[in-house]
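Listed below are the residues making up each chain.
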Amino acid sequence: MCLFQSVMNYFPEEVLEHVFDFLTSHRDRNAVSLVCKSWYSVERFSREKVFIGNCYAVDPERLIARFPRVRSLTLKGKPHFADFNLVPHDWGGYVYPWIEAMAKNGINLEELRLKRMVVSDESLELLAKSFPNFKSLVLVSCDGFSTDGLAAIASNCRFLRELDLQENEVDDRKGQWLSCFPDTCTSLVSLNFACLKGEASVAALERLVARCRNLRSLRLNHAVPLDTLQKILVQAPQLNDLGTGTFVHDPDSDAYCKLKNAIKKCKSIRSLSGFLDVNTRCLPAVYPICTNLTSLNLSYAPGIYSSELIKLICHCKKLERLWILDTIGDKGLDVVASTCKELQELRVFPSDLYGVGNAAVTEEGLVAVSAGCPKLNSLLYFCQQMTNAALITVAKNCPNFIRFRLCTLDPTIPDAVTNQPLDEGFGAIVQSCKGLKRLSVSGLLTDQVFLYIGMYAEQLEMLSIAFAGDSDKGMLYVLNGCKKLKKLEIRDSPFGNVALLADVGKYETMRSLWMSSCEVTFGACKTLAEKMPRLNVEIINEGEQIEASPDDRHRVEKMYLYRTLVGPRRDAPDFVWTL
Amino acid sequence: MEGYSRKDPQLLDLIPKDSECFVAKRAEEEATRHHGVSEEKKLELSLGPPGGGDYWTITKTSNESLLSFPTYFSTNPCVKSPWQHQTFLHHLQSAAQLPLPAMKESPPQPCTNRAAAVELQSAEKKKAFSPAPANTAVHNTSSAQKRTAPAPVVGWPPIRSFRKNIATGSSSKLASESPNAAADKDSGPKPAENSPRTLFVKINMDGIPIGRKVDLKAYNSYEKLACAVDELFRGLVAAQSEVCAGGIKDDEGGKGKVIGGLLDGSGEYTLVYEDNEGDRMLVGDVPWHMFVSTVRRLRVLKSSELPRLSRGSKEGKLSLNA
């Protein structure tokens, strides 16, 4: 190693930099920067893409100081459980300070990717006006902005290539933001506004599509009717990824006929989604492109009967990713199993939230898919019921799972056949799937399942627990066993102070820990915060009187702790206390 | 990949027979319990002082053995968890054969008896169960399985609000599919929102200074609406004409004249409405449900005010300036 290093030192920095150019993954670059000071220095000046998994772990100044040449920034804000309304609305995660700091420091920002952050219209306006080379904006599960902010982006970003809005809460102000793209804008490659709820200016949209010859990905919102879709497809047969808006029309009409012909000409479409409102009699129009589809998302399309879904899926032999509602039923999953031999990712979402209806899938559907689709490695499965037997079978059939998220609609339901806890089933999964990185468990579970997880899930990075376990031991098994754990989120489980305080150093090796409705007390949180100055231990108190000093023995309703280099955040609202 | 064997790692037997949930040290004696297996797994779990070093250490000395199916240990989950949803009722299911389509070996024995035994122990879970006869093969998804709705829990099932709105709207969507929904060129089909149970719109009548409100969801046809309008305004019209004409009585003996012909232009008054685009339209051209989804307010106009129209035209837009 010494010889190697001295050899490397003879290379000028430009050479090192050139070598580092080939390193694209953050982990590789992080590793490289730890080798020695000179490598650290070369690496930091050459890094263009920065990923910050928790926006409060560092601050904008540090980012800019270390990576002055950053061009692409990815930021994540709120804890994952914010998606399910467990985090109050103004908890935090504001992007404005980041944009402001980068603007002030002359950063040549080209790409911004945000997840679960609060994005104001002011942020978007500042973004649009501060970075002349800005090319790509991706917002996932964000909120705080309106179509006015989008208008600012459209008007000012002259080289905009990508505007991708996924499942955001947008205040739709019926403005004409689509018309704000100037006639000179021809650079769009990807446009996704499916989550917008308001009217879209179809004329502006059609013109935009017509002049953006490089457009590859287009996802429309609900307000775009089928005949507009037809006109768009005629203009853009080169699309790879299409999200339809409304798919409702009279199938006997002229417009529908034209649509069928337009679709046939779109031979490049590999990914299909949308159908935000659908007349199933119109579905056959897409059959011709199904044969080449690798990704299909029908999970926003309520009201398609299982039989129709089956007919559609029969055409999709090359499917690698399928997102669907549980209306497909076990029978439909059988069809998936026999048709989609290339399937890697399956997500089955609930259509009936309380699990009492007929529509649902059970363990049978999952077993069928696991048997028929050997390449399956990523699963999100909302089901009416589950059994250990099924999970063990699935584990045997598919040892390649990287992500395995099972969600029983009744959170503490036992094995449907034996009435046992589902410990054995999940145990089999973690034992068999040696590359498992993400796991969500549900159903009736005791400490046993956590013993298995701690023992076998060596690569596990993220674990979600709800209504599970019996005692502190459960959590301890996990904290002790899962060496690569980064994110742990727990709700409504009987884990308390003993588990929390057993190994305080562990939390600095993790990105974050969320515990809500558990047995952790105020006093324990304080103790932890005192011992670990490089953690922010936040307590969220909602709806309670803000006591000056609550009793140490009081249970904490919601606790979120994360490692940080910059101490307690200054933008925390009243109801969040950083201890 | 190894097939599932009948070896049980002794970790499955860690829960001791006594009531305390405390894990003791285990040796490899358990291995011999299952078909003379030589594979060993040493498990050492010891309670250490808090805050110091490794709390629990788990060491593996050899290749892992896969969990076999079915499991033979008795679960005695130490239930200290009052929030294990006592509201959920679960019926004990029994099956003679557990469904295992992909397994090469058939399971040695069903877990029926074991399950029943476990059930008795966990009474505090407040599960209601009825032990079914052992030779019944109950299929899980059959309608025989009753399940009560679990009480709604905040944030469960864990889906984003975006999807929740879709899910709740789905059942209504399945019922009504209208192929002609896009017949109206300019306004796109309505978003799938949760339909409220009432839809009150204002209704004003020419010559009557005070307006009324009417719930359109209470009717399912134009005729019924016309009747309702008649009833709403009949008295008011009569009262108005009394005031104006100084007490001229009408035929109905004080109740007022029937307001008829609202829909076909034959009466003294005609019913029009203002739609979601702000245009004034004649009532009656479009299917009822489409009317309900686009109407914003109603107006009862004097028929003499209307220009003559042929009612066969699709685009029945009036440009009245009143």
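Parameters and conventions
Residues numbered from 1 in each chain as written. Chains lettered and ligands numbered in written order. Predicted model: local features only at pLDDT ≥ 70, side-chain atom pairs only at ≥ 80, totals over all residues. Heavy atoms only, no water. Helix = DSSP H or I, 4+ residues; strand = E, 2+ residues; numbered from the N terminus. Buried < 20%, exposed > 50% of the residue type's maximum accessible area, 1.4 Å probe, protein only. Contact = heavy atoms within 4.5 Å. Areas by Shrake-Rupley, 256 points an atom, 1.4 Å probe, with all protein chains shown as cover. Patch = residues over 30% accessible without salt bridge, like charges linked within 9 Å, V, L, I, M, F, W, Y side chains within 5 Å. Salt bridge = Lys/Arg side-chain N within 4 Å of Asp/Glu carboxyl O. Lys, Arg positive; Asp, Glu negative; His and termini not counted. Charge placed at Lys NZ, Arg CZ, Asp CG, Glu CD. Phe/Tyr/Trp six-rings, centres within 6.5 Å; stacked < 30°, edge-to-face > 60°. Lys NZ or Arg CZ within 6 Å of the ring centre and 35° of its normal. Pairing = 2+ DSSP bridges. pLDDT = per-residue confidence, 0-100.

A.B. asks: Whenever I open this one, the overall build of chain A confuses me. Can you help?
C.D. replies: Regarding its fold elements, chain A presents 21 helices and 25 strands. Scored against the burial criterion, the 579 residues of chain A give a buried share of 65%. The contacts of chain A with a sequence gap of at least 6 include a subset with a gap of at least 24, amounting to 72%. Carbon and sulfur atoms make up 51% of the accessible area of chain A, which totals about 20900 Å².

A.B. asks: Explain a negative patch on the surface here, please?
C.D. replies: Residue and element names in this part refer to chain A. Among the surface-exposed residues, Glu13, Glu14, Glu17 and Asp21 lie close enough to one another that they form a single negatively charged patch. Within the fold, Asp21 resides in the loop between α2 (13-20) and α3 (26-33). Overall, the relative accessible area of 47% leaves Asp21 in the partly exposed class.

A.B. asks: Looking at this model, I keep getting lost on the pattern of salt bridges. Mind explaining?
C.D. replies: Once their charged atoms are close, side chains differing in charge can pair, the charge on each being opposite to the other. Following the criterion strictly, the structure yields 33 salt bridges over all chains and no others. The partner of Lys78 of chain A in a salt bridge is Asp143 of chain A, and the shortest N-O contact between them spans 3.3 Å. Highlighted residues: Lys78 of chain A in the loop between β2 (72-76) and α6 (96-104) and Asp143 of chain A in strand β5 (residues 143-146), separated in sequence by 65 residues. Judged on exposure class, the residue Lys78 of chain A and its partner Asp143 of chain A are both buried. With its nearest N and O atoms 3.1 Å apart, the salt bridge here joins Arg299 of chain B to Asp206 of chain B. Here Asp206 of chain B lies in the loop between β1 (200-205) and β2 (212-215) and Arg299 of chain B lies in strand β5 (residues 295-302), a separation of 93 residues in the sequence. Overall, Arg299 of chain B belongs to the partly exposed group, its relative accessible area being 24%. A single salt-bridge network, built from bridges that share partners, covers Asp83, Arg116 and Glu167 of chain A together with Arg160 and Arg163 of chain B.

A.B. asks: For this particular structure, what's the right way to read the packing of aromatic side chains?
C.D. replies: For any pair of aromatic rings, the description consists of the separation of the ring centres together with the inter-plane angle of the planes. Residues and elements named next belong to chain A. Summed over all chains, the structure comprises 23 aromatic pairs over all chains. Residues Trp177 and Phe181 carry aromatic rings whose centres are separated by 6.4 Å and whose planes lie at 55° to one another, so their mutual orientation is tilted. Since its relative accessible area comes to 4%, Trp177 is described here as buried. Given the relative accessible area of 3%, Phe181 is considered buried. By way of ring pairs, the aromatic residues Tyr56, Phe81, Phe84, Trp91, Trp514, Tyr560 and Tyr562 are connected into one cluster. If you follow Arg569 out to its NZ or CZ, it ends over the ring of Tyr56, 4.5 Å from the centre. One residue, Arg569, lies across the ring of Trp91, its end atom 4.2 Å from the ring centre.

A.B. asks: For this particular structure, what's the right way to read the pairing of β5 of chain B?
C.D. replies: Consecutive side chains of a regular strand alternate in pointing toward one face of the sheet and then the other. All names here are of chain B. As paired elements, β1 and β5 share 4 bridges and run parallel to each other. The residue bridging Ile203 from the neighbouring strand is Leu298, located in β5. Of the pairings in the sheet, the one linking strand β3 (residues 269-275) to β5 comprises 7 bridges and is antiparallel in character. Paired with Thr270 across the two strands is Leu301, which belongs to β5.

A.B. asks: Is there a simple way to think about the confidence of the model for chain B in this case?
C.D. replies: It should be kept in mind that the predicted coordinates are not to be read in detail where pLDDT is low. Residue and element names in this part refer to chain B. On average, residues of chain B score 56 in pLDDT, and 33% of them reach the 70 mark or higher. For chain B, the element scoring lowest by mean pLDDT is helix α1 (residues 112-121), at 41; β3 scores highest, at 87. The low-confidence segment residues 247-254, where pLDDT is below 50, has 4 contacts with residues more than four positions distant or belonging to other chains. Scored below 50 in pLDDT, residues 309-322 shows 25 contacts in the model against residues more than four places distant or in partner chains.

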